[in-house]
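Structural overview for review
The lines below spell out each chain.
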Amino acid sequence: MIALSVNLNKIALLRNSRGGNLPDLLEHAETCIGAGCKGITVHPRPDQRHIRPEDTLALADMLNNRGEVEFNIEGNPFAGKEGRYPGFLALVLESRPDQCTLVPDGRQQLTSDHGFDLGKDADALLPIIDQLHEAGIRVSLFMDADTRQIELASRIGADRIELYTGPFAAAFARSPEHAAAVYMRHVEAAHTANDLGLGVNAGHDLNLENLLLYRQLPYLREVSIGHALVVDAIARGLVPTVQAYLRILHG
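Counting restarts for each chain, with residues numbered from 1 along the sequence as it is written. Given that the model is predicted, a residue must reach a pLDDT of at least 70 before its local features are reported, and side-chain atom pairs must reach 80 or more before they are shown or counted; all residues, however, enter totals for whole chains, interfaces and linings. By convention in this description, side-chain values take in all heavy atoms of the structure and omit both hydrogens and water.

Concerning the pattern of salt bridges
Convention followed: For this analysis, a salt bridge means a side-chain nitrogen from Lys or Arg found within 4 Å of a carboxyl oxygen belonging to Asp or Glu. Strands here mean DSSP runs of E at least two residues long; helices mean DSSP runs of H or I at least four residues long; both are numbered from the N terminus. Here's how the labels work: a residue is buried when its accessible area is under 20% of the maximum for its type, exposed when over 50%, partly exposed in between, all with a 1.4 Å probe on protein chains only.
Counted by the stated rule, this structure contains six salt bridges. Arg49 is the salt-bridge partner of Asp47, the closest N and O atoms lying 3.0 Å from each other. Where Arg160 meets Glu222, a salt bridge forms, and the shortest distance between an N and an O atom there is 3.7 Å. Of this pair, Arg160 sits in strand 6 (residues 160–164) while Glu222 sits in strand 8 (residues 220–225), placing them 62 residues apart in sequence. With a relative accessible area of 11%, Arg160 lands in the buried category. Taking relative accessible area as the criterion, Glu222 reaches 4% and is therefore assigned buried.

As for helix 6 (residues 147–155)
We apply this condition: Think of it as the arc spanned by the lines of direction from the helix axis to the C-beta atoms. Here a residue-residue contact requires only that any non-hydrogen atoms of the pair lie within 4.5 Å.
Turning to helix 6, its buried residues are Gln149, Ile150, Leu152 and Ala153. On an axial view of helix 6, the arc spanned by its buried residues comes to 155°, and they lie on one face. On its buried face, helix 6 sits against helix 5 (118–134), strand 5 (138–143), strand 6 and helix 8 (176–195). Remark: Gly157 follows helix 6 within two positions and exhibits a positive phi of approximately 95°.

This is the structure:
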């Protein structure tokens, strides 16, 4: 069964736009869990545009003793201490999530838009992956659907990959033919990952329409969805929206 991990970044962004604690991040996490999701994802960035370090720690306190719900922290492993931001790796090691998804997003990026180039980053990632493993944290790498890169992810000790689905979503929006071509590259990538012993996650721009096709990806264990889910929740309500995504994933 494919797990749904709800990304709470946009909930935090809305809260931050006015100050105070509305909407309440922990209450919304509880609502998503009550609706049936099996994971909560956050992506704390140094500029604290949405998820803040204190949010991450509060969610860790709430989730780390609930074995049925996975806590996933994603972000740039090379982001260092900056003001009240303690550095990504320090925050993860203090929070001790079930999974850490390492993402090569730069400071100026609006959102994550590419996977790792492990020809360049493998040596720098090796000690970080080792440190996370020593803390008992599963490591996933944000990757393009590139079999050569996925082979490198296996060599440096990743447990899973998260396939970057932005290109698939863009192709789906253009036409079924474009989507099918990109989807088949993801199928090949998923087979390669599984053959290498890597678990397969996916995320970015998945929604209620394109997920009907993408859920069929071989070996898919988990999808992380935030922006589209929150947009849908404005019209549908949060609980019905989470349940609608779950119906697709489990259908």
